[in-house]
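# Results of the structural survey
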Amino acid sequence: DMFYTSTLAASIPFPSYFETLRQNGGRLFGFANAGTCVSVDPSVGFGSLSACSRIMNSSRIAVGGGVSMGTPMGRFELTYAVPMRYGPKDARKHVQMGFGFSFG
């Protein structure tokens, strides 16, 4: 099996006309994700053209953006994503909310 994931992300503070959100650590962010998990025949090897083709054809890609803000209990995120490349059995959710905790 072969697995890879790659992310490109950037964030900026809220513009000054959203002063309350800016003062509380609110940020706007954008991202692009790509990755896959695929079985490759070990007898062929990962460097072969058929293995590379299988890996690239099974890759999933999504782009999106969102808002994040730190709270006393952790980070809150609201994200909107658009799947650009997906498989027929993939679950697709455009809007997600998340809450992250940091320990340590």
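Residues numbered from 1 in each chain as written. Predicted model: local features only at pLDDT ≥ 70, side-chain atom pairs only at ≥ 80, totals over all residues. Heavy atoms only, no water.

### Re the packing of aromatic side chains
Inspection of every chain in the model, using the stated rule, returns three aromatic pairs. Both rings, one in Phe14 and one in Phe18, keep their centres 5.6 Å apart while their planes meet at 70°; by these two values the pair is edge-to-face. Taken together, the aromatic side chains of Phe14, Tyr17 and Phe18 make up a single cluster linked through ring pairs. (Phe/Tyr/Trp six-rings, centres within 6.5 Å; stacked < 30°, edge-to-face > 60°.)

### Some thoughts on the pattern of salt bridges
Within this structure, the stated rule accounts for one salt bridge. Of the charged contacts in the structure, one is a salt bridge between Glu77 and Arg75, with a shortest N-O distance of 2.8 Å. Given the relative accessible area of 21%, Glu77 is considered partly exposed. (Salt bridge = Lys/Arg side-chain N within 4 Å of Asp/Glu carboxyl O. Buried < 20%, exposed > 50% of the residue type's maximum accessible area, 1.4 Å probe, protein only.)

### Things to note about the confidence of the model for the protein
Mean pLDDT for the protein: 81, with 85% of residues reaching 70 or above. The element-level mean pLDDT for the protein is lowest in strand E5 (residues 95-100), coming to 70, with strand E2 (residues 27-38) highest at 91. (pLDDT = per-residue confidence, 0-100. Helix = DSSP H or I, 4+ residues; strand = E, 2+ residues; numbered from the N terminus.)

### With respect to the pairing of strand E3 (residues 60-71)
With nine bridges joining them, E2 and E3 adopt antiparallel strand pairing. Counted as the bridge partner of Arg27 is Ser68 from E3. Across 11 bridges, the pairing between E3 and strand E4 (residues 74-85) is antiparallel. Following the sheet pairing, Gly66 is matched in E4 by Thr79. Hairpin connection from E3 to E4: two residues lie between these consecutive antiparallel strands. (Pairing = 2+ DSSP bridges.)

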